[in-house]
Amino acid sequence: MKRRSLFIIIVLFAISLPQVFGQKKDSDVLLKQIKTEMDVNRNYARALSMAKDAAKDFPHDADFRFLLGRLYYLNRDYINAEKKLDEVINKTPEYRDAYLAAANVQLAKGYNNKALQYLNRGQSKFNYDKDIRAKKLAVYQFYGLYQLGDLYADSLINMFYRDTMIKRAYVDYRVQTGNAFLKNGLTEAANREFAKAIQVAPENQIVLSSLLDARMKSGDKQSSLNFINSMLSRQPDNYDLLMKKTGILQELHQYPEAIETAQILQKKYPGDAKARSIETELKLEAARYYKSTDPYYQYQSVLEHAPGNKEALDNIINIAISRGMNDEALYWINKSLGSNSFNKDLLMKKMSILAQQQKFTIAAGIAERLYKNAPGKDTRQTFIDMELAAARDYNAQEMPDSALDAYTKILKAEPRQAQALNSSVNILSAQKNYTAALQLLDEAITYYPDDYRLKLKKAAIMQENEQFDEAALLFDQVQADNPDDQKAINSMVDAYLLTGKKMMEVMDYDGAAKAYNRILQIQPANKEAINNITNIDLALGGDGNQRALDRINIALEQYPDDKDLLLKKAEALNRLGQVEASGNITDNLRERYPYNTQIRSLYIDQHLTMANYYRKNGDTLNAINAYYSILSANRRDTTAWLGLTNISYERGQYAEAIAYADTSLNFYPMQADMMLKKASAQEQLKQYDSAANTAAVVARQYPDQKRYTDFAAYLKGKTFRNQLGLSYLNSHIDSTQSSNIATLQYTHFYKKMSLTGRLNFAGRSYGTGLQLELESYINHSATWYSFVNVGAANKLVFPKYKAAYSLFHNFAHGWEAELGGRFLNFDSISSVSAVGSVAKYLGDFWINAKGYVIFLSGKQYGAVNLTARQYLNNKTDFFYAIIGYGNSPDDYTRTYQFTDNINYQTYSIGAGYQKMFNYRNVVSLNANWYNQKRAEGLFRNQYDIYLTFLRKF
């Protein structure tokens, strides 16, 4: 009884289970439709109607009840919205969104306290829910509950300090609260709110702008100006800040700074009309402000009445200079120089102003004039300083010839001037005027014989001039003269490093190695020299790989954890064939530097080498492990995926090969080689349609690549299941008798067999012979298949009945054997034959030897054929040749006289060619000659030409 009850329960559960899943599927579809109407189409009325129906159909589904509540709210039916959402909360208290929606309903009704009650209930249920807490803060803010909101906001930001959404809600609350305080004139309270906001979002432009507005409304202009300056230090080009700064400076009557700021504005925003006009307005206002008290304007008014007044000119020039009014000062200086062109003081002032304005060329001209007219120590130094400044300006403008002229002037005045000497040498060297540069350096060395830097520079220029041997001697001399001077040693090392680099650029590895070895004699631990000389060894390869490994091992004694040296050691080991040792180093480095791309690349290269090595030696398991190691470093590596695909394919695991190929193609969809390998695997699984589609994608992508289009056509040909054929045989006997046979055939290809129906027509003077044949090739396994043929005909030309069967077996190394029988019936006479053959593939050739033992009318006969083919184009096309002895029961062109021909000794020879077009159309042309001995000295010859056309579809 218990068993029966349990059985009934199981049956009922099995019956109801699809219904439950079906309802779930229907409810999901309906829920999606309602949300589309609500959120996308915004047709709230239709969505409400749908939700009502859904709630009736699915009374226990909380989602539909919640949607119904929301849609009442969106349709402004707040009473029903409240009822429905209360129902959701009471029945499903864990439905979080219901609390938020219920709060929105109360807010829409203007009941802020009730909204807070719902949010508090939700918060008690979901204590750490950010949305509920943020909504609660928004309610405090909206209804001006600042005291509660202030405490709540602080607790919220402390709880979720790293959360971006909470930070944004907190900053919005503080800004809007601050603006509310500001609106009510509570600037101090507003400043506090904005200060709290800026602690959380120091770069927020809205917060910064609000804080600035609060400062400005407080009336403390200096404090506002200080705050603006602090903001401009981070945003120097901010238009609004520059405008506000200009306005505050204007209000503080700090006109020079205001004008300077206005000029910056005009420079930064040349297209802005306000920026262009503000400078003029400020100058006019400043003029009006200063006019009644400013001594500058007082002296200017004097000069309007007495232009030559010396006291007024001197004072107005000094005032203009002190105020930075350089253009005005130059104007008054030039006016004063009009009456006294060589006033030393005025010229000095003019030169100083021009230098400040970075007009160094004009300033240098004035300095030269002063030096020529009043030569002395001071004027010479001033001339040198101005020419140096002018030369620097020329260099900045990339005018080396002008700079060199300036240095030449200096050296005429002071031949020992160090900066002019050095800079002239640098310019001449850069211009590749090495002879002049070395000549000038020799002069400098005579002035400063103890300055080894000049000798090092000379040696460096010799290097540039490819005087490497002379440079090396000079370097060694400097090092010998300064054995303990670290600066001299470092300079020499830098020079040899440069020499090595230049030698490597011209692939003079011996010269470069000599330079690096010289460095290592002085600084055995110089890492750059060690790295470079090992690079040379590795570049040379061969014995260089071992030399590099030896050097690296020595260097690692001093730098045991050096990443670059370890990488080079791994590379050297890899080249020396010590793949596993190399891989161990790379594995350790990869653990230490998991994000280093160079290490990862070397790791991948090494494991690829290991995989190739293992595959070459037949160790597929380790090869697979190597490929997986590559994928652990870069799961998108196409070489590894292709390697795994090839291994699976070679092992006959075609489904696994397809899976590997699909994974790789997910990363890079258009990998031609991978797609073709996938298509080959699909072909092996006889998934011909899928294989053809895969190959067709590649062929469309690369229409000019014949191997792709050819392979796609080959696979497409495999998808055809039907074939229609026409054949025509023309036979001549001794050039007098002629007979023809026409054939129409249809073949259908099944999964493991083919079935052909064939109709042969033979027109004769005495009537038309007809023969109907059925023929099939049947695949039993990968190595066994059969051939079956049966036929029936009228009595005019063909045998009345025929039957044939052969069983074939494929052996290793391209061998094939056949054993079968043949039957022919000619009314009252029948023939039975045994047949056997052996075939062998030899590269592109196929050879077949076939023999027949024929029994007819109590007698025994024999026939032998030897056939050879040469295949072309993937074995779709071939030439063939055949020689035979006897009369074969398979030669249907001669079976109509089989009972007669078998009595005569017959020799035959033939040749033919078959061509397949686009793996769909086949054309073959064969020619055969039969020589039959009818009697002593009497022979009969037969000549056959046989044309066939086949088309798959």
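From a predicted model like this one, the values you see are computed outputs, not experimental measurements.

### Description of the domain arrangement of the protein
Here the protein is partitioned into domain 1 (27–283), domain 2 (640–717) and domain 3 (720–952). Look at where the C-alpha atoms of domain 2 and domain 3 centre, and you get two points 38 Å apart. Together, the buried faces of domain 2 and domain 3 total about 620 Å²; carbon and sulfur atoms form 57% of this surface. Of all residues in domain 2, A713, Y714 and G717 bury the most surface against domain 3, accounting for 55% of the area lost on that side.

### Some words on the packing of helix α28 (residues 509–522) against helix α29 (residues 527–540)
Close contact between α28 and α29 brings their axes to 9 Å; oriented N to C, the two are set at 150°. Between α28 and α29, the angle falls in the class roughly antiparallel. The element α28 and its partner α29 pack so that their crossing is left-handed. Of the residues in α29, those in contact with Y509, A512, A513, Y516, N517, I519 and L520 of α28 are A529, I530, N532, I533, I536 and L540. Of the residues assigned to the contact of α28 with α29, the class counts are eleven nonpolar, two polar and no charged.

### Some thoughts on helix α12 (residues 221–234)
Here α12 is 14 residues long and its end C-alpha atoms lie 20 Å apart, about the 20 Å a rise of 1.5 Å per residue gives. Buried within α12 we find S224, L225, F227, I228, M231 and L232. For α12, the angular spread of buried residues about the axis comes to 165°, placing them on one side.

### Notes on the environment of G820
Relative to the assigned elements, G820 resides in strand β7 (residues 815–826). Distance in space between the C-alpha atoms of G820 and Q701 is 49 Å, their sequence separation being 119 residues. When near neighbours in sequence (up to four residues on either side) are disregarded, G820 contacts Y805, S806, S833, A834 and V835.

### Notes on the pattern of salt bridges
This structure, assessed with the given rule, holds 34 salt bridges. The shortest N-O distance in the salt bridge between E773 and R758 comes to 3.6 Å. On the criterion of sequence distance, the pair formed by E773 in strand β4 (residues 767–779) and R758 in strand β3 (residues 753–764) is long-range, its members being 15 residues apart. As far as burial versus exposure is concerned, E773 and R758 are alike and both buried. For R822, the salt bridge goes to D890, with nearest N and O atoms at 2.6 Å. Of this pair, R822 sits in strand β7 while D890 sits in the loop between β11 (877–885) and α40 (898–901), placing them 68 residues apart in sequence. On the accessibility criterion, R822 (6% relative accessible area) is buried. Connected through salt bridges with shared partners, the residues R65, K84, E87 and K91 form a single ionic network.

What counts and what doesn't
- Residues numbered from 1 in each chain as written.
- Predicted model: local features only at pLDDT ≥ 70, side-chain atom pairs only at ≥ 80, totals over all residues.
- Heavy atoms only, no water.
- Domains from an automatic or database assignment.
- Buried area = accessible area lost by both parts, 1.4 Å probe.
- Axes fitted to C-alpha atoms, helices over the stretch in contact; angles between N-to-C directions.
- Helix = DSSP H or I, 4+ residues; strand = E, 2+ residues; numbered from the N terminus.
- Parallel < 35°, antiparallel > 145°, perpendicular 65-115°, else oblique.
- Left-handed = near helix turned anticlockwise from the far one by under 90°.
- Contact = heavy atoms within 4.5 Å.
- Nonpolar A, V, L, I, M, F, W, Y, C, P; charged D, E, K, R; others polar.
- Expected span 1.5 Å × (residues − 1).
- Buried < 20%, exposed > 50% of the residue type's maximum accessible area, 1.4 Å probe, protein only.
- Arc of directions from axis to C-beta.
- Salt bridge = Lys/Arg side-chain N within 4 Å of Asp/Glu carboxyl O.

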